Amino acid sequence: MRFLMISKPTDTPPDEKLFTEMGAFIEELTAAGVLLATGGLEPGGVVLSSRGDEITVTDGPFAEAKEAAAGFALIEVGTKEEAVELARRFRRIVGDGESTVQQVFGG
Amino acid sequence: MDVHRTIDAVWKLESARIVGGLARLVHDVGLAEELAQDALVAALEQWPVAGIPDNPGAWLTTVARRRAIDHIRRSRQTTTEMSYVEQPHQAQDDVLRLVFVCCHPALPRDARVALTLRLVAGLTAAEIARAFLQDEPQVVRRIAAAKRTLAEEGAGFTRPSGDAMPGRLASVLEVVYLVFNEGYSATGGRDLIRADLCREALRLGRMLATLAPGEAEVHGLVALMELQASRAAARTGPAGELILLHEQNRGRWDQLLIKRGFAAMLRARALGAPPGPYVVQAAIAVCHAQARTAAETDWTRIATLYDALVRLLPTAVVRLNRAVAIGFAYGPAAGLAEVDALLTDPALRDYHLLPAVRGDLLSRLGRHEEARREFERAAGLTRNHAEQAFLRRRAAETEGPAEAEGPAETKGPAEATLGAAVAAFLARDDLGRATRRSYGQTFTRLRRALGDSLPLDELTADRVASVCATAWGSAAAKTWNRHRAALRSFAVWSSLPGLADGLERRVETAAVASPVPAASLLDSPALPLRERALWRLLLESSATVTTVLALNVEDLDLEDRRARSGGRWVTWRSGAARLLPDLVAGRTSGPLFLTERRASASTVGDRCPHTGRGRLSYERAEYLFKRATGGTLRSLRAAG
């Protein structure tokens, strides 16, 4: 089963310690053979919306940027509980904030 | 969330590191797993009440380690290692050692697979049993026996030494790929792909690639598995039927896994070593993944890669795949010539893909009736439902227009096919039960090899002779003659005189096959002194192979025919006593049994101070014995 773990942006800027711990965490996930892909996302990005025949393209930044994703990890494990346990470890490293874990169908 | 399910998840993620860390303390993986299980039981008791700890993995590790230290104290072993110094990457080193011990050469292959899935992948016995369509008690027994063997052999918890490394690594990779293939093409049952096993194998492979990044074959295996797994979704149709590679919807190939496969391949290539079998197989998978349509496949390159693979891995299955590639690269006639050369290979006797491939090549050559029979024969040889359905469909589709419209009377009476004729022959009233059973064995083989629908007029003496030579060519004369008699009887009954003419009667001798080589072979002066001394010592001492190989010259008491080993004595009789003085040949210390190769200076305990040569490894000793006698060293010990 594949799960997409998405984390929302936080107010506190990342420091040296966070980078080191995140590096170690990613290394651990890779060594465990469960991490398929991971990456950080630019704040805001481009928003496309469609209404009828009309498609609107809007460049960021946006006021509601907090709802956007700041980073993602695609993992492959046997159960949802394993995915949640890994997300729990991630949250322990990054401190206050929010992540979502969703199963990827067909993966 | 359910606490028990969380505990399962933590166990799955942590068990390899916990068991590995404990094994380093207690030098026994079986004991290490029991201690880890104790910690798991403690979690099952405490977490539902006290809540899940902040860091569940660390909690389990701490409890398990405490149990290990208690155990060491109780058994009053040395306490020097209790300080438990954590090196950087210690956990990774522990897991790698654990993998090597689980794939120890003293274990049969099934046991290696079960133990690796249990201890490294953290599967339960029930999960392993389900995945391999076995009973759970059977798996439990196999794992228990494997742990016992490891303890008896004194396998401990060490990394393989330098010259043993390639062989030990090959064993690990074989286990991982076996698990993958069991999942990818299940040998039985209804699910063509048991995704769980594929995922476990990929997980193990990716893990190994991090633990042993300098081994090109590890990256090759990972690349091969990622690329094969990328096609998993496209490999079956809506009704679960099998879809061949060149008919697959390439849009359903998983691009993420393909990219991961390419990346693993680049890592393998970057190491610059001459490509091994996994790297070459991965290169073939890369060719398929790079072709946007089936027609764009570079079959010439694939055929060349198979030429290289046949040299590295000259198995019958690889040669069959090479024939397929040649069929696509240079035309079906060229492919068929290669396949026909494999028809007498005993290893492919019941392999359904041989007739399946032949059927495909024959159908491309327009030989539809022969093709149809081959597809039917292939369907009869596989237990996989999806493959059976696929092959039956191909057989049905291969009714060539000429034959389908042919006049009905050419079909002849019902007995005109091999299957019907054999059934009628065996159904006769005048056959006794024992005779029918004996004949049954002969004709089951004949029908599997030639197919039930073979017309009787195509059943020639040459064909019968070829089937017999493949099936029983190396059997005892008595067996051969029994099958020959059955076929001669059938020839008379079916009015096909001469059918068994290609079968010579063999002279039956009263040779008794013995599992242990005769003393004359063990003592043959044509063999090197070292081998003779080792075998005599094993036979006469009944000590384990590991114990005997661990002996040092300074431990020997040649006068009293004994040597100190740990707290015990290894003793021998006159046979070894005659040989040992020559083997020692003036040496005063260092390993008793030496390899031909020089050891690196760092391996102090396993290096001869006189010659600089290393200690003879288990793998090498096993290989030498097998080459000389065909048996295993363990059987020698048991015979003593």
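Conventions adopted
- Residues numbered from 1 in each chain as written.
- Chains lettered and ligands numbered in written order.
- Predicted model: local features only at pLDDT ≥ 70, side-chain atom pairs only at ≥ 80, totals over all residues.
- Helix = DSSP H or I, 4+ residues; strand = E, 2+ residues; numbered from the N terminus.
- Contact = placed C-beta atoms within 7 Å.
- Buried ≥ 20, exposed ≤ 12 C-beta atoms within 10 Å, placed from the backbone.
- Pairing = 2+ DSSP bridges.
- Axes fitted to C-alpha atoms, helices over the stretch in contact; angles between N-to-C directions.
- Parallel < 35°, antiparallel > 145°, perpendicular 65-115°, else oblique.
- Nonpolar A, V, L, I, M, F, W, Y, C, P; charged D, E, K, R; others polar.
- Expected span 1.5 Å × (residues − 1).
- Bend = angle between axes of the 7 residues up to and from the residue.
- pLDDT = per-residue confidence, 0-100.
- Arc of directions from axis to C-beta.
- Core = buried A, V, L, I, M, F, W, Y, C linked by C-beta atoms within 7 Å.

A.B. asks: Would you mind going over the overall build of chain A with me for this structure?
C.D. replies: On a plain count of helices and strands, chain A comes out with two helices and six strands. The linear arrangement of helices and strands in chain A, starting from the amino end, is β-α-β-β-β-β-α-β. The long-range fraction of contacts in chain A, counting pairs at least 24 apart against all pairs at least 6 apart in sequence, stands at 71%.

A.B. asks: Mind showing me how you'd approach the overall build of chain B here?
C.D. replies: Helix and strand counts for chain B come out as 29 helices and five strands. Residues counted as buried form 41% of the 640 residues belonging to chain B. Pairs at least 24 residues apart make up 63% of the contacts formed inside chain B by residues separated by at least 6 positions.

A.B. asks: Looking at this model, I keep getting lost on the sheet that holds strand β2 (residues 562–565) of chain B. Mind explaining?
C.D. replies: Strands in a sheet are paired, the pairing made by backbone hydrogen bonds, and the direction either parallel or antiparallel. Residue and element names in this part refer to chain B. Taken in spatial order, the three strands make up an open sheet running β1-β2-β3, and their pairing is antiparallel. The strands lining the two open edges of the sheet, one partner per strand, are β1 (556–557) and β3 (568–571). Of the pairings in the sheet, the one linking β2 to β3 comprises four bridges and is antiparallel in character. Bridge pairing in β3 links A563 to V570.

A.B. asks: In this structure, what is going on with the packing of helix α20 (residues 418–426) of chain B against helix α21 (residues 433–450) of chain B? I would like to understand it.
C.D. replies: Angle between the axes and distance between the axes are the two parameters that describe a pair of packed helices. Residues and elements named next belong to chain B. Relative to each other, α20 and α21 sit at 180°, their axes nearing to 11 Å. The orientation of α20 relative to α21 falls into the category roughly antiparallel. In this structure, α20 uses L418, G419, V422 and L426 to contact α21, whose residues at the interface are R436, Y439, G440, F443, R447 and L450.

A.B. asks: Help me understand the interface of chain A and chain B, please; the structure alone is not making it clear to me.
C.D. replies: For an interface, size is often stated in terms of accessible area lost upon the parts coming together. The interface is formed by 14 residues belonging to chain A together with 18 residues belonging to chain B. Mapped by element, the contributors of at least two residues to the side of chain A that touches chain B are α1 (16–31), β2 (35–40) and α2 (80–94) of chain A. When residues of the side of chain A that touches chain B are assigned to their parent elements, the largest contribution, four residues, is made by α2(A). Considering only residue class, the side of chain A that touches chain B consists of six nonpolar, four polar and four charged.

A.B. asks: In this structure, what is going on with helix α2 (residues 29–50) of chain B? I would like to understand it.
C.D. replies: Along an α-helix, residues three or four apart share an orientation, since each turn contains 3.6 residues. Residues and elements named next belong to chain B. The end-to-end C-alpha distance of α2 is 30 Å, a good match for the 32 Å that 22 residues give at a rise of 1.5 Å each. Maximal helix bending in α2 amounts to about 25°, located at L44; proline P48 follows within four positions. For α2, every residue scored as buried is listed here: V29, G30, A32, E33, L35, A36, A39, L40 and A43. Tucked into the core, α2 has its buried residues touching α1 (3–26), α3 (56–74), α4 (90–102), α5 (109–120) and α7 (136–152).

A.B. asks: Sorry if this is basic, but what is going on with the confidence of the model for chain A here?
C.D. replies: The predicted coordinates should not be examined in detail at positions where pLDDT is low. Residues at a pLDDT of 70 or more form 93% of chain A, whose mean pLDDT is 86. Mean pLDDT across the elements of chain A ranges from a minimum in α1(A), with 85, to a maximum in strand β6 (residues 99–104) of chain A, with 95.

A.B. asks: I'm lost on the packing of α21(B) against helix α23 (residues 477–493) of chain B in this one. Help?
C.D. replies: Residues and elements named next belong to chain B. Where α21 contacts α23, the two axes come as close as 9 Å, and the packing angle between them is 90°. By the angle class used here, α21 and α23 are roughly perpendicular. Contacts from S438, Y439 and T442 in α21 reach R482, H483, A486 and L487 in α23. Residue classes in the contact of α21 with α23 are distributed as three nonpolar, three polar and one charged.

A.B. asks: Can you walk me through helix α22 (residues 461–472) of chain B in this structure?
C.D. replies: Residues and elements named next belong to chain B. Here α22 spans 16 Å end to end across 12 residues, near enough to the 16 Å set by a 1.5 Å rise per residue. Along α22, the residues that are buried comprise V464, V467, C468, A471 and W472. Projected down its long axis, α22 carries its buried residues within an arc of 95°, all on one side. Against the buried residues of α22 lie α21 and α23.

A.B. asks: Looking at this structure, how should I read unusual backbone geometry?
C.D. replies: Note: most peptide bonds trans; most residues except glycine with negative phi. All names here are of chain B. Non-glycine residue H27 carries a positive phi angle of around 55°. Residue position: H27 is located in the loop between α1 and α2. The class of H27 is partly exposed, set by 17 C-beta atoms lying within 10 Å. Unusually for a residue other than glycine, S542 sits at a positive phi of about 60°.

A.B. asks: Help me out: how do you make sense of the environment of A294(B) in this one?
C.D. replies: Along the chain, the position of A294(B) falls in the loop between α12 (277–290) and α13 (299–312). Once the C-alpha coordinates of A294(B) and R250(B) are considered, the two residues, 44 residues apart in sequence, prove to be 8.6 Å apart.

A.B. asks: Can you help me understand the sheet that holds β6(A) in this one?
C.D. replies: Residue and element names in this part refer to chain A. One open sheet accounts for four strands, arranged β2-β5-β1-β6; its pairing is antiparallel. Each edge of the open sheet carries a strand with a single partner, namely β2 and β6. The sheet shows a mean angle of 15° between the axes of neighbouring strands, taken without regard to direction. Across six bridges, the pairing between strand β1 (residues 2–7) and strand β5 (residues 71–76) is antiparallel.

A.B. asks: Looking at this structure, how should I read the nonpolar core?
C.D. replies: A general tendency of soluble globular proteins is for nonpolar side chains to be buried together. Counting 130 residues, the largest nonpolar core has I75(A), V19(B), L22(B), L98(B), V99(B), V176(B) and A282(B) as the members making the most contacts within it. The biggest single contributor to this core is α1(B), with 11 residues. The residues touching L98(B), leaving out its near neighbours within four places in the chain, are A16(B), V19(B), G20(B), A23(B), V29(B), L119(B) and V120(B). Ranked by size, the runner-up nonpolar core spans 32 residues in total, among them L534(B), A543(B), V553(B) and L579(B).

A.B. asks: Is there a simple way to explain the pairing of strand β3 (residues 46–51) of chain A in this structure?
C.D. replies: Consecutive side chains of a regular strand alternate in pointing toward one face of the sheet and then the other. All names here are of chain A. A small share of β3 lies buried, amounting to zero of its six residues. When β3 meets strand β4 (residues 54–59), the two strands line up antiparallel, connected through six bridges. Of the residues in β4, the one forming a bridge with L48 is V57. With antiparallel pairing between neighbouring strands as the criterion, β3 and β4 make up a hairpin whose turn holds two residues, including G52 at a positive phi of roughly 60°.

A.B. asks: Any chance you could explain the confidence of the model for chain B here in plain terms?
C.D. replies: Residue and element names in this part refer to chain B. On average, residues of chain B score 85 in pLDDT, and 91% of them are at 70 or above. By mean pLDDT, the top-scoring element of chain B is helix α10 (residues 216–229) (97), and the lowest-scoring one is helix α19 (residues 401–404) (48). As scored by the predictor, the complex reaches a pTM of 0.70 and an ipTM of 0.83.

A.B. asks: Can you help me understand the environment of A543(B) in this one?
C.D. replies: All names here are of chain B. Looking at the element boundaries, A543 is found in the loop between α25 (529–541) and α26 (545–549). A residue is classified by how many C-beta atoms lie within 10 Å of it, and A543, with 22 of them, is buried. Considering only alpha carbons, one finds A543 and S565, 22 residues apart in sequence, at a separation of 9.9 Å. If near-sequence neighbours (up to four positions away) are discounted, A543 is found in contact with V548 and V570.

A.B. asks: Could you clarify how one ought to interpret the environment of L257(B) in this entry?
C.D. replies: Residue and element names in this part refer to chain B. With respect to the helices and strands, the residue L257 is situated in helix α11 (residues 255–270). Exposure remark for L257: the 22 C-beta atoms within 10 Å place this residue in the buried category. C-alpha of L257 to C-alpha of L227: the two residues are 30 residues apart in sequence and 6.3 Å apart in space. Discounting residues that sit within four places of it in the chain, L257 has contacts with E226, A229 and S230.

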